[in-house]
Amino acid sequence: MHKSIAALGLASILALGVSPAAMAAGEKVSVITPFLAAIATGEMIEAFKAKATEYQWGVDVVDTAGDMAAFASRVEDATTSGANAIVLVSVDPAQIQDQVDKAKAAGVPVITIDGAKNASSVLNVTSDNYVLGETMTKFLFDQIGNKGNIVRFFYSAHPGVHQRELALDAALKANPEIKQVADHYVAVPGQVDDSRAAMDAMLLANPGDGAINAVWAAWDEPGIGANLAIEAAGRKGIVIAGIDGNPQAIDLIKACSAYVGTVRQGFGEMANIAAGELNTILAGGSPKADELYAPVELITRESLGVSCP
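Before going into details, it helps to say that this report is about the structure given with it. (Residues numbered from 1 in each chain as written. Predicted model: local features only at pLDDT ≥ 70, side-chain atom pairs only at ≥ 80, totals over all residues. Heavy atoms only, no water.)

Glancing now at the packing of aromatic side chains. Taken as a whole and judged by the stated rule, the model has 6 aromatic pairs. Residues Phe154 and Tyr185 carry aromatic rings whose centres are separated by 5.2 Å and whose planes lie at 85° to one another, so their mutual orientation is edge-to-face. On the criterion of sequence distance, the pair formed by Phe154 in strand S6 (residues 148-154) and Tyr185 in strand S7 (residues 178-185) is long-range, its members being 31 residues apart. Residue classification places Phe154 among the buried positions, given a relative accessible area of 15%. Their ring planes at 50° and their centres at 5.4 Å tell us that Tyr155 and Tyr185 sit as a pair that is tilted. Residue Tyr155 is located in the loop between S6 and helix H8 (159-174), and its partner Tyr185 is located in strand S7; the two are separated by 30 residues in the primary sequence. Residue classification places Tyr155 among the buried positions, given a relative accessible area of 13%. Among the aromatic residues, those joined into a ring-pair cluster are Phe35, Phe154, Tyr155, Tyr185 and Trp219. (Phe/Tyr/Trp six-rings, centres within 6.5 Å; stacked < 30°, edge-to-face > 60°. Helix = DSSP H or I, 4+ residues; strand = E, 2+ residues; numbered from the N terminus. Buried < 20%, exposed > 50% of the residue type's maximum accessible area, 1.4 Å probe, protein only.)

Shown next as structure tokens:
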């Protein structure tokens, strides 16, 4: 139970006619991520900040720009500097287990958005990433008639992205006429430029029509980088699908580029759910569950009403 509630006793507070939600006002919340440069991460944090304003919380946002050692250190700093809660965005808390354990021991609740469940955190709000991977992979495989050659852009360090990769692995086993001819572990940050360079190399190593039929991008930014390389090389007959519903990816779908589909995650909804549940936690309550899912949507030219020549 949060220390401000514990001091008075929740029953006493209710007897005074003060709601638990009202007691959560004025809290100090530390929002920490290594990946603020990622469009989706930025969207989640901005949505969370907007809800935090409604709850009258003070919010401190820290980005360590891919530096996991600094990330661990900033979480420890938040625990010792009087934060009432810590929100981790787009990261698996197991990567900094010692620091998450210390926060729990200090009575500071840790929640994650777009992360993973953990014994020392209270809540994770995300999408069902395996379903995201299944949805995108089935769509992409359908686009090439369930046969041909694909390349994979992935980032297993992120727990959700890894679940998408597992969905692809299962689909490849179920579709033996589809072969993976290359893959690339994406550098983050800098994922668009890194993926463009990797796709350049893949195209050179796999020349000719049909050498590559599709690009499986674990999220949209690597797909955007791959699209830039495909356009620059003038290669035809390659389709790309990703995940996130990144606005630039949607623009590419509308523009009849190689990008043919993306699965939109409800990033704003994730942040809203997380803020609402944290408000309950700060008032001495418990979240509805230790993991909650936001809705997803497959976006294609058909769903957008776009007709391409």
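For helix H11 (residues 247-254), the complete set of buried residues consists of Ala249, Ile250, Leu252 and Ile253. For H11, the angular spread of the buried residues around the axis is 160°, confining them to a single face. Packed against the buried residues of H11 are helix H10 (220-233), strand S10 (259-265), strand S12 (296-300) and helix H13 (301-304). Two or three places before Gln248, at the start of H11, stands the capping residue Asn246, its side-chain oxygen 2.8 Å from that residue's backbone nitrogen. Trailing H11 by a residue or two, Cys256 shows a phi angle of about 60°, which is positive. (Arc of directions from axis to C-beta. Contact = heavy atoms within 4.5 Å. Polar contact = N/O pair within 3.5 Å; in protein donor to acceptor, adjacent residues only side chain to side chain.)

We now examine the pattern of salt bridges. If you walk through the whole model with that rule in mind, you get 8 salt bridges. A salt bridge links Glu46 to Lys49; the shortest N-O distance between them is 3.3 Å. In this pair, Glu46 and Lys49 both sit in helix H4 (residues 39-54), 3 residues apart, roughly one turn of the helix. A salt bridge links Glu54 to Lys51, with the shortest nitrogen-to-oxygen separation between them at 3.2 Å. Within this pair, Glu54 and its partner Lys51 are both found in helix H4, separated by 3 residues, close to a single helical turn. Overall, Glu54 belongs to the exposed group, its relative accessible area being 54%. (Salt bridge = Lys/Arg side-chain N within 4 Å of Asp/Glu carboxyl O.)

Once that is clear, we can look at H4. Between its first and last C-alpha atoms H4 spans 23 Å; for 16 residues at 1.5 Å apiece the expected length is 22 Å, and the two agree. In the core, the buried residues of H4 are packed alongside strand S1 (28-33), strand S2 (58-63), strand S3 (85-89), strand S4 (110-113), strand S9 (239-244) and helix H12 (267-282). Positive backbone phi, approximately 65°, marks Gln56, located one or two places after H4. (Expected span 1.5 Å × (residues − 1).)

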